[in-house]
Each structure stands twice: as structure tokens, then as C-alpha cells.
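Architecture at a glance
Given next are the chains, with one letter for each unit.
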Amino acid sequence: MNEDLKVNLSGLPRDYLDAGAAENVSAAVSSQFPVVEPEPELVVNPWDIVLCTSGTLISCENAIVVLIIFHNPSLRAPMFLLIGSLALADLLAGVGLIVNFVFAYLLQSEATKLVTVGLIVASFSASVCSLLAITVDRYLSLYYALTYHSERTVTFTYVMLVMLWGTSICLGLLPVLGWNCLRDESTCSVVRPLTKNNAAILSVSFLFAFALMLQLYIQICKIVMRHAHQIALQHHFLATSHYVTTRKGVSTLAIILGTFAACWMPFTLYSLIADYTYPSMYTYATLLPATYNSIINPVIYAFRNQEIQKALCLICCGCIPSSLSQRARSPSDV
């Protein structure tokens, strides 16, 4: 009787006490043999998948252009060197987008994050600078038509290539060398780990490059119109023929500049006004069109070129179509 009283001091039923004892035993066992919790499932951001897919398409497309120019000795003129520089920059940008996806979900560390962002910044900067260099080259080829194919033009092209790649590499090294926001999140831009000041410098540099390209293309447009008018007078073309040729040249320039602005302007302006507190969806939505510029560049600058078309046909089918071998270059092919 005394033992029963001692056990029931709590006033709880015996069945409840037995259940409590079982729980205590279970807890003691689990403390000796810890339960392994299942690892959380890896959640992949759909925006990252789209960027990785875009990077894959960029890499494949521009790799074709790089291989064509590299393996064809006849494509060594300044224009093709600059087109090759543009394709190489876009190729590295595509690789950077793929590597960023792999590192973000498989190998996360500060070092990989800095290297990936540095590669993307350097490659996209080189892409924009190559577009500017191509614009300068087109202007010089029209303005100094008589002396353009001289040795001095080749030297000037190599100087432009060294300068644009040197500048781009320096911009890409800034986050790696310490100019990042990993230690102070309040200074982050919309693209972590770039600082707000770093993003502002890149955005202002793009706006400057765009303004310079716009001015050069206006001058190119004037030269094309003047050349087309002179050719029309020399060959006694009708006014309608001169109008059609001029309109085609202006339309080509408008497509080139309009595509560049439509792809890069949203992200550039957003980087200037936003910071890390803004929703990441806006960053993805403005960054994605910028990557499309690297998809469109080979179509505008490489695959429209008659010499590259011939080289591509030789690689694919071993022949040159008669339509390519007989087509002459017109003033509107700028």
C-alpha cells in the first residue's frame, strides 16, 4: 500500500505515468544515438535556369564565330579581329553564366562568387567595348576610305584591342581585389557582391559608350547617304533607287543601335537607382535582356558578313553558294 501511494503522488493515472516513462526512455536512447535529419531539398531558382540556358546558347553561338575566324587565315583584317574580339567576349560571358549557375548550387563559397562575378563583369565589359571599337572601325573605314587599308590601321586596331581588354580585365578584378560588399551588406548593389559605387561606374561607362556610339553612327549615316547620292549621280540612278539604298542603310544602323539600347538600357538604369533592398526579381528581369545582346551580336556582326558566310558554308558543305560569290557590297552594308 505504501509503495502505491508513493508512485501516485502526482495524482495522475498509472497509464499516463507509464507513457511518460516510455518517452523518457526514448529520449535517452535518441540522445545516445542522434537521429539523422534528412537534408533539405535543393531549390533551384527558375530565373537562374533561364540565365544558364541563355549562357549555353551564347557560348555555342559565339564559339562558332571564334572558330571560323581563328581557323581561317584570310579573316585577319581589322574588322574581323574586332568581330572576333566581340565573339570571344560574348563566349566568355556565356561561360560565366554557366559557371555562376554551377557554383551557386554545387560549390558555394566567397572565392567562387567573386571569381564568377569578376568573369561576368570583365566579359560583358569587353563585349560592350568591342561593340564600341567596331563602331569606331566602321566610321574610320568610311571617313578615311583611301588610307583605311594601311598598316597604320592594323596597328591602331591592335591598340584598341589591348586597351579594351585591359580595361575590361581591370573592371573584372575590382571585386576580386577587395572592392566588394561581402563584409558590409549595406554597400551592396543589385548584383551581389558588387558595391553600389562599382555598379554606378559600370552603368555610367555604358551610358558614355552608348552616347559615343550614337554620335558615331549619326556620322556614319551621313557618310552613307552622301556616298549613296554620289553613286546614284555617277551611274544615273533614279531618285527612288537612291532613296531605297539610303533607307536600307539607315534602317540597318537603327536596328544595330536600337537592339543594343533595348538590351542594355533597362539593367543600366535599374543599377543606378536600385540597391540590394530591391526584390531580386527586378534584377533578373532587367539582366536577362542584357544577356540577349550577346545572342544577337553574332547575327548582326558576324553571320551577316559575306566573308564569314563563305567560310561557314565551306566548313558545313564544302562549297560556296553562287548567291554569295556574286553578291556585291553596297553602300548600305554598314
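For every chain, the first residue of the written sequence is number 1, and numbering continues from 1 onward in sequence order. Thresholds applied to this predicted model are a pLDDT of at least 70 for local features of residues and 80 or more for the giving and counting of side-chain atom pairs; totals over whole chains, interfaces and linings are not thresholded and use all residues. Hydrogens and water are ignored here; the side-chain numbers use all heavy atoms of the structure.

**Looking at the nonpolar core**
Rule in force here: We call a set of buried residues a nonpolar core when its members are Ala, Val, Leu, Ile, Met, Phe, Trp, Tyr or Cys and they connect through side-chain atoms within 4.5 Å of each other. The buried label goes to any residue with under 20% of its type's maximum accessible area, the exposed label to any with over 50%, and the partly exposed label to all in between, with areas taken from a 1.4 Å probe on protein chains only. The helix count covers DSSP runs of H or I at least four residues long, the strand count covers runs of E at least two residues long, and both are numbered beginning at the N terminus. We call two residues in contact when some of their heavy atoms are within 4.5 Å.
Residues Y217, F260, W264 and Y301 are the most contacted members of the largest nonpolar core, which totals 61 residues. For this core, the secondary structure elements donating two or more residues are α3 (46-71), α4 (78-106), α5 (110-143), α6 (151-176), α7 (196-234), α8 (239-273), α9 (280-302) and α10 (306-317). Sequence-distant contacts of Y301, that is, excluding residues within four places in its chain, are made with I83, L86, L131, I134, R138, Y217 and I256.

**A word on the state of the cysteines**
In plain terms, the rule: Only a pair of cysteine sulfur atoms within 2.5 Å qualifies as a disulfide here.
For the structure shown, the criterion picks out one disulfide. Across a sulfur-sulfur distance of 2.0 Å, C181 and C188 are joined as a disulfide pair. Classification of the bridge connecting C181 and C188 rests on its S-S torsion, roughly 95°, and on that basis the disulfide is right-handed. Judged by its relative accessible area of 1%, C181 is buried.

**Let's talk about the environment of I320**
The topology assignment puts I320 in the loop between α10 and α11 (322-326). You can call I320 partly exposed: its relative accessible area is 36%.

**Quick notes on α5**
Because the α-helix completes a turn every 3.6 residues, residues three or four places apart line up on one side. Heads up, the rule is: Given the number of residues in a helix, its expected span is that number minus one, multiplied by 1.5 Å.
With 34 residues, α5 ought to run about 50 Å at 1.5 Å a step, and its terminal C-alpha atoms sit 49 Å apart, in line with that. With respect to burial, α5 is a largely interior element, 24 of its 34 residues being buried.

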